[in-house]
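# Summary of the model geometry
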Amino acid sequence: MNNSAYKKAAVIGYPIAQSLSPMMHKHWMQQVGIEGEYEAIEVAPDDLIAFVDEARRIGLSGFNVTVPHKTAIVPYLDKIAPLAKQMGAVNTVKIAADGMLSGFNTDGIGLVKHLKSSVPGYPSDKPALILGAGGAARAAALGLLTENIPLVMITNRTREKAEAIARDIGRGRMAVVDWNARMDGVSAAGVIVNTTVLGMNGQPALDLDLSSAGKDTVVYDIVYKPLETKLLAAARARGLRTVDGLGMLVHQGAAAFKIWFGVDVGFDAELREKLEGALSC
Ligand code: ATR
């Protein structure tokens, strides 16, 4: 049962130690006056079903799901929202008072909400370009397709993975650009989104020449460790508008908070300061 005044939520993953979600959700709980707790719980793949039973038993309002459980959780759900179904992956589970589990995916919506709040007049009349074809790319594509963007281009080192995303969710509004021809995508794009791991601490930088980008192009990197990747620094040096990855994390979290507790929360300066502090440790 989870209808008591004291609310409990969690994030599960394997490993989970570095999650910023507890800091974020505790901030919001305090801010809106919800008494409760939000824990990071390490759940090994073989223990997922036991966790689901336990979550119902202890009355969690819901939980976030991260690697490697985003797809594995699907068979345990009673309901799945359309976007999560299209993603084939769930990042948020709501547990109703009767114990029914509903799955959602707030990643794509989080990305678009952050883009729109950071750059209100972003060039939505031009195609967008996504680099990468993992789960984050699929979320980014689904998010961008909910907007009025004419075309979502996708490019990936392994072309077949980009083709699979375009085929699965594109409905004629996605085009695959060859990785070696990604410069062509750059010159056509209004928004460029890096969803590859390149630029992350410990990874090589993303090799992307921005010299042909239009002046109004927005460069969005979902990497947030470090917050200013080489890609964003290069974009800024060219006078292009940039969006860092922290906001996507926060907005997907805010969407989950709304699903569980019915309250709108956002990305205030105090939260940014707390998260940036944690990242710099
Ligand atoms: P997630 O599911 O979190 O998005 P992922 O599935 O591991 O992560 O995807 C990582 C992305 O980074 C992929 O698009 C990967 O390209 P491939 O599909 O070709 O593997 C991309 N990536 C990783 N290392 C890369 C590299 N050295 N050069 C280009 N792309 C790279």
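Residues numbered from 1 in each chain as written. Predicted model: local features only at pLDDT ≥ 70, side-chain atom pairs only at ≥ 80, totals over all residues. Heavy atoms only, no water.

This paragraph deals with the site of the ligand. In the vicinity of the ligand there are 13 residues, among which Gly-135, Asn-156, Arg-157, Thr-158 and Lys-161 approach most closely. Ala-133 has a polar backbone atom sitting 2.9 Å from an oxygen atom of the ligand. For the ligand, whose free accessible area comes to 650 Å², the fraction covered by protein is 68%. The cavity where the ligand resides is the largest pocket. Of the residues in the shell around the ligand, the class split is five nonpolar, six polar and two charged. (Near = heavy atom within 4 Å. Polar contact = N/O pair within 3.5 Å; in protein donor to acceptor, adjacent residues only side chain to side chain. Areas by Shrake-Rupley, 256 points an atom, 1.4 Å probe, with all protein chains shown as cover. 1 Å grid on protein atoms, 1.4 Å probe; cavity = no way out; pocket = protein on both sides within 12 Å on 5 of 7 lines; lining within 4 Å. Sits in = over half its atoms within 2 Å of the grid points. Nonpolar A, V, L, I, M, F, W, Y, C, P; charged D, E, K, R; others polar.)

Before going further, it helps to examine the pattern of salt bridges. Tallying each qualifying case throughout the model produces 14 salt bridges. Connected through salt bridges with shared partners, the residues Arg-159, Glu-163 and Asp-178 form a single ionic network. (Salt bridge = Lys/Arg side-chain N within 4 Å of Asp/Glu carboxyl O.)

This brings us to helix 1 (residues 21-32). Here helix 1 is twelve residues long and its end C-alpha atoms lie 17 Å apart, about the 16 Å a rise of 1.5 Å per residue gives. Along helix 1, the residues that are buried comprise Ser-21, Pro-22, Met-24, His-25, His-27, Trp-28 and Met-29. Just beyond helix 1, the residue with positive phi is Gly-33, at close to 75°. (Helix = DSSP H or I, 4+ residues; strand = E, 2+ residues; numbered from the N terminus. Expected span 1.5 Å × (residues − 1). Buried < 20%, exposed > 50% of the residue type's maximum accessible area, 1.4 Å probe, protein only.)

Turning our eyes to something else, we now look at the packing of helix 1 against helix 10 (residues 269-279). Direction vectors running N to C along helix 1 and helix 10 enclose 155°, while the axes themselves pass 10 Å from each other. Classed by the angle they form, the pair helix 1 and helix 10 counts as roughly antiparallel. Here helix 1 and helix 10 pass one another in a crossing that is right-handed. Two secondary-structure elements touch here, helix 1 through Met-23, Met-24, His-27, Trp-28 and Gln-30 and helix 10 through Glu-270, Leu-271, Lys-274, Leu-275 and Ala-278. The residue makeup of the contact of helix 1 with helix 10, split by class, is six nonpolar, two polar and two charged. (Axes fitted to C-alpha atoms, helices over the stretch in contact; angles between N-to-C directions. Parallel < 35°, antiparallel > 145°, perpendicular 65-115°, else oblique. Left-handed = near helix turned anticlockwise from the far one by under 90°. Contact = heavy atoms within 4.5 Å.)

This part covers the nonpolar core. Counting residues in each nonpolar core, the largest one holds 32 residues, and the members touching the most others are Leu-111, Leu-144 and Met-174. Of all the secondary structure elements, the ones that give two or more residues to this core are helix 4 (107-118), strand 7 (128-131), helix 5 (135-145), strand 8 (152-156), helix 6 (159-169), strand 10 (191-194) and strand 11 (218-221). Here this core takes seven residues from helix 5, the largest share from any one element. Those residues in contact with Leu-111, other than ones at most four positions away along the chain, are Ala-140, Leu-144, Val-193, Tyr-220, Ile-222 and Met-248. (Core = buried A, V, L, I, M, F, W, Y, C linked by side-chain atoms within 4.5 Å.)

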